[in-house]
Amino acid sequence: MKTTIFVLGEFPGTANRGEAARAFKFQMPKPIACAMFIAVLNCVLSVGLGAPSVTDSSPLHHKAQYFQQDLLDKHWLDGLYVSIVPAAPPGTQLEHTTHEPGNVIHAGVWTGRYLGGVGYQYVVTKDPWVRRHGGEILRALRILQEVTGKPGLLARGYVKGHGPVEGWERRGADSVEWHQGQGQYADYRWYGDVSVDNFNAVLYGYAIYYELAADAAQRQFIAQDVDRLMSHLMENHCRIIDVDGEATRWGHVGIDPDPSRDEYYRKLYDSLLRRSGAEEGVWRPPLRSSLMLLPDLLIAHRMTGQSKYLDLYRRVVTRFKENPDRRREGGAAGPERLARINHSSEGQAYEALYNLLRYERDPELLKLYRPWLSDLWEVNWMEGNPLFAWMTLALLPEYRVPREPGDTVPRLPEVPHAEEGMRLALETLRLYPVDRVLRPVMNSLRKDIDLNPSSTNRKLSLRPVPINERPLDNEYAWKGNPYELDGWLKPAVTMFQFACDDPQVAWCSDSAGRVFTTLDGGKRWRDMSEGLMGARVQNILASTNRTFVLHAQTDQGRFVTRDGGMSWRPAPTTDQPAFRNLDFKQWQPVSGKLRFRVSEAGELVRSVEGGQSEIACMKGWRIPRAYSLFVTPRGLMASGPGGCYQSSDGEDWSELKLWREDETGAADFLHAYWMGRYYGFIRKDE
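Residues numbered from 1 in each chain as written. Predicted model: local features only at pLDDT ≥ 70, side-chain atom pairs only at ≥ 80, totals over all residues. Heavy atoms only, no water.

Novice: Whenever I open this one, the overall build of the chain confuses me. Can you help?
Specialist: Helices and strands together make up the secondary structure of the chain, namely 17 helices and 27 strands. Looking at the chain residue by residue over its 686 residues, the buried ones come to 56%. Considering only intrachain contacts with a sequence separation of at least 6, the fraction spanning at least 24 residues in the chain is 63%. Element-wise, carbon and sulfur atoms account for 50% of the exposed surface of the chain, whose accessible area totals about 30,400 Å². (Helix = DSSP H or I, 4+ residues; strand = E, 2+ residues; numbered from the N terminus. Buried < 20%, exposed > 50% of the residue type's maximum accessible area, 1.4 Å probe, protein only. Contact = heavy atoms within 4.5 Å. Areas by Shrake-Rupley, 256 points an atom, 1.4 Å probe, with all protein chains shown as cover.)

Okay, structure coming up:
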């Protein structure tokens, strides 16, 4: 494990913290440089070695520096951005192998968007390191193509190594799209079934970086990769075809205008056509159905100069532009409409429109495209989404290129809600939390939040929740639902059992069907479910006379282990002990008249009068709700949506870390920050 000390400050010509130190050494006389180094060192020592000096309220440029270093330490796989990784202290270097992976299943899409942010970073800073950094990303995106062994086909992501990918292929549940690389990529394990959002995000990043940051060699590099991607798409009728020869699950990037393909699309979109009120058998898709395809074709034509891309673009427009857009839903954003919004899809639409409106020059087509953006803005301006705000304010009422990147804050355009939308977007970045660990949040318990009455399948807020109070989005904040109240809730612990003769050895089962063990009194827990071959654990029972013998009741029958969970086998009919089933709402005695239970309201309560009266006792709990309670040889154990807790007396509780914690990176912040700097919406010193 390595530790990085963060020395903050925007040094001339640098973005990488390691290069910042070298810049001082070589650009200053030695005595001054030494004095400066001592002053900086004293400052670092005064706040503690290894402790990040950035907080949620730090200036935005300090947060950007911290997040980029954190990205390089924990989320960086030779240019690929890995969004979700095991939680680790600042400065920890993660390897991203099959044995220590992050979530690479969506790495391509977030790497593409991060590349766009790096493009903005370079044009603002003109830092040579940023361009080299961008070059690493370009090489990683090329590997996403080449690792599949099929020209023009992207992988979703990859890790290094062999064998099952820990945590992502366990029990075979997610293995169907995992493949081992071949040839020079034999040491890579990659994930297929790439979808439209992965494909378009890579094209989005290419377009921005190509225009703003790429040197001549990088432009040629990008053009080659874009040509391969788009040639694959055109040759397969605007579809992404996987290594098995079939279209990927979400691999229809647009609609081929060739009339001979109409019957194919009628069958593919039959249910959608019926829902939209189309006449039976009539195939008249609106142009907006090809929104993801249109900018890709313009990008490919711009970078390669090949007329085939512009020709297809024109054929798509000519064939579909006069068709009615029955799905278009304009007007103000009421509760019913807000409850139905798919924010991930909205982000993809913004991404596509951003390049479509930048590259298109035909006034008539722009009159058609701009209302699509206005419709999005009408339901998003109040959400404080900085990426959506910057795109809208840059593209409407017409596209404006800043005279000098990041020079001054521009006059806001005549766009509805521009001033308020700008204020909310900046507020989101200022509140954006430094702590990126995915911890449980249950805002639905709060009385100060008004609920959306039109949301029937889950509780949503009527107004956007501030970003530092809502559940962290799983990978990219700007695609998340700002009305979401609850997230990352923990499963219930269904049973605790301790070894008969060693209080340091214990097991627990949870409502997700897993069983865990500890050998050190709860400091570290290991998932011991793999040997059950997919069976879901419902209950467990430890032997009363043998240390590592444990029985498990599962949805596939009863199993027994004689080595603490490393191996399991079906329990013989002669070995069928009786499992305990606890009612956690009943009083559980501890000593004397001291009792505990889970109340009807879901609170953990205690009584010192044998159950005659009760009082809540959840001091130290993240969320004041309980699922289960156990009286054990090591005191009280209880679980709830906020986690698992232990206590010796029921007064003070401390969290028991049963489940691995993950954290997400901040490529979303960096994307929005540098885009805001480029357009001048964020000042350099802010």
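Further notes follow.
Novice: Please clarify how helix H10 (residues 293–304) should be interpreted in this entry.
Specialist: In an α-helix, one turn spans 3.6 residues; hence positions three or four apart end up facing the same way. The end-to-end C-alpha distance of H10, which contains 12 residues, comes to 16 Å, matching closely the 16 Å that a straight helix rising 1.5 Å per residue would cover. Across the 12 residues of H10, nine count as buried, placing the element largely inside the fold. The secondary structure elements touched by the buried residues of H10 are helix H6 (196–212), helix H7 (216–235), helix H11 (307–320), helix H13 (343–359) and helix H14 (363–380). Backbone geometry just after H10 places Gly 305 at a positive phi near 75°. (Expected span 1.5 Å × (residues − 1).)

Novice: Sorry, what's going on with the pattern of salt bridges here?
Specialist: Two side chains bearing opposite charge may form a pair once their charged atoms approach each other closely. What the rule picks out here adds up to 32 salt bridges. Residue Arg 660 is joined to Asp 662 by a salt bridge in which the shortest nitrogen-to-oxygen separation is 2.8 Å. Take Arg 660: its relative accessible area is 47%, and that puts it in the partly exposed class. The structure contains a network of salt bridges with shared partners spanning Arg 142, Glu 146, Asp 225 and Arg 228. (Salt bridge = Lys/Arg side-chain N within 4 Å of Asp/Glu carboxyl O.)

Novice: Looking at this structure, I do not really get the pairing of strand S16 (residues 550–554). What am I missing?
Specialist: In summary, the side chains of a regular strand alternate between the two faces of the sheet. Extensive coverage of S16 is indicated by the burial of four of its five residues. Alignment of strand S15 (residues 537–542) against S16, held across five bridges, turns out to be antiparallel. Bridging across to S16, Asn 539 finds its partner in Gln 553. Two elements, S16 and strand S17 (residues 557–561), share five bridges in a ladder whose sense is antiparallel. Its bridge partner being in S17, Gln 553 is matched across the sheet by Arg 558. Turn length for the S16-S17 hairpin, with the two strands adjacent in sequence and antiparallel, is two residues. (Pairing = 2+ DSSP bridges.)

Novice: Help me out: how do you make sense of the sheet that holds strand S24 (residues 635–640) in this one?
Specialist: Strands in a sheet are paired, the pairing made by backbone hydrogen bonds, and the direction either parallel or antiparallel. In spatial order, the strands read S23-S24-S25-S26; together these four strands make up an open sheet with antiparallel pairing. Bordering the open sheet on either side are strand S23 (628–632) and strand S26 (654–656), each of which pairs with just one other strand. For this sheet the average axis-to-axis angle between neighbouring strands, irrespective of direction, equals 30°. Alignment of S24 against strand S25 (residues 643–647), held across five bridges, turns out to be antiparallel. Its bridge partner being in S25, Met 637 is matched across the sheet by Gln 646. (Axes fitted to C-alpha atoms, helices over the stretch in contact; angles between N-to-C directions.)

Novice: Explain the pairing of S24 to me, please; I cannot follow it from the model alone.
Specialist: Counting buried positions along S24 yields six of six residues, so the element is predominantly enclosed. When S23 meets S24, the two strands line up antiparallel, connected through five bridges. Across the sheet, residue Leu 629 finds its bridge partner in S24, namely Ala 638. What sits between the antiparallel neighbours S23 and S24 is a turn of two residues.

Novice: Please clarify how the packing of aromatic side chains should be interpreted in this entry.
Specialist: All chains considered together, the criterion is met by 26 aromatic pairs. Between Phe 496 and Trp 525 the ring centres are 6.2 Å apart and the planes differ by 75°, which places this aromatic pair in the edge-to-face class. Highlighted residues: Phe 496 in strand S11 (residues 493–498) and Trp 525 in the loop between strand S13 (515–518) and strand S14 (526–527), separated in sequence by 29 residues. Centroid distance Phe 496 to Phe 630: 5.6 Å. Interplanar angle 70°. Geometry classified as edge-to-face. Of the two residues, Phe 496 sits in strand S11 while Phe 630 sits in strand S23, which places them 134 residues apart along the sequence. Taking the relative accessible area as the measure of exposure, Phe 496 reaches 5% and is therefore buried. In this structure an aromatic cluster arises from ring pairing among Tyr 66, Phe 67, Tyr 432, Trp 478, Phe 669, Tyr 673 and Trp 674. Sitting over the ring of Tyr 476, Arg 113 keeps its end group 5.5 Å from the ring centre. (Phe/Tyr/Trp six-rings, centres within 6.5 Å; stacked < 30°, edge-to-face > 60°. Lys NZ or Arg CZ within 6 Å of the ring centre and 35° of its normal.)

Novice: Hey, could you run me through the packing of H10 against H13 in this one?
Specialist: Any two packed helices are characterised by the angle at which their axes cross and by the distance between the axes. Taken N-terminus to C-terminus, the directions of H10 and H13 make an angle of 50°; their axes are 8 Å apart at the nearest point. Taken as axis vectors, H10 and H13 run oblique relative to one another. You can see that H10 and H13 cross each other, and the crossing is left-handed. Between H10 and H13, the contacting residues are Leu 294, Pro 295, Leu 298, Ile 299 and Arg 302 on the first element and Ala 352, Asn 355, Leu 356 and Tyr 359 on the second. For the contact of H10 with H13, a count of residues per class yields seven nonpolar, one polar and one charged. (Parallel < 35°, antiparallel > 145°, perpendicular 65-115°, else oblique. Left-handed = near helix turned anticlockwise from the far one by under 90°. Nonpolar A, V, L, I, M, F, W, Y, C, P; charged D, E, K, R; others polar.)

Novice: Help me understand the environment of Glu 484, please; the structure alone is not making it clear to me.
Specialist: As for its placement among the helices and strands, Glu 484 is situated in the loop between strand S9 (441–442) and strand S10 (486–487). Distance from Glu 484 to Leu 472, taken between C-alpha atoms, is 9.8 Å for residues 12 residues apart in sequence. Here Arg 458 takes part through its side chain, which lies 3.0 Å from a polar atom of the side chain of Glu 484. (Polar contact = N/O pair within 3.5 Å; in protein donor to acceptor, adjacent residues only side chain to side chain.)

Novice: Help me understand the sheet that holds strand S18 (residues 569–570), please; the structure alone is not making it clear to me.
Specialist: Here four strands make up an open sheet; going across it, the order is S15-S16-S17-S18 and the pairing antiparallel. This sheet does not close on itself; its edge strands, each paired only once, are S15 and S18.

Novice: What should I look at first to understand the state of the cysteines in this one?
Specialist: Between two cysteines, a covalent bond joining their sulfur atoms is known as a disulfide. Inspection of every chain in the model, using the stated rule, returns zero disulfides. The cysteine Cys 508 is free of any disulfide, with Cys 644 supplying the nearest cysteine sulfur at 6.5 Å. Exposure remark for Cys 644: the relative accessible area of 0% places this residue in the buried category. (Disulfide = S-S within 2.5 Å.)

Novice: When you look at the packing of H13 against helix H15 (residues 386–395) in this model, what are you seeing that I'm missing?
Specialist: Viewed as axis vectors pointing N to C, H13 and H15 meet at an angle of 25°, and their least axial separation amounts to 10 Å. Relative to H15, the element H13 lies roughly parallel. As H13 runs across H15, the sense of the crossing is left-handed. Across from Glu 346, Gly 347, Tyr 350, Glu 351, Leu 353, Tyr 354, Leu 357 and Arg 358 in H13, the residues of H15 making contact are Phe 388, Met 391, Thr 392 and Leu 395. For the contact of H13 with H15, the residue count by class is seven nonpolar, two polar and three charged.

Novice: Can you help me understand H14 in this one?
Specialist: Helix length check: H14 (18 residues) gives 26 Å between terminal C-alpha atoms against 26 Å at 1.5 Å per residue, within 8%. Sitting at the head of H14, Asp 362 places a side-chain oxygen 2.8 Å from the backbone nitrogen of Glu 364.

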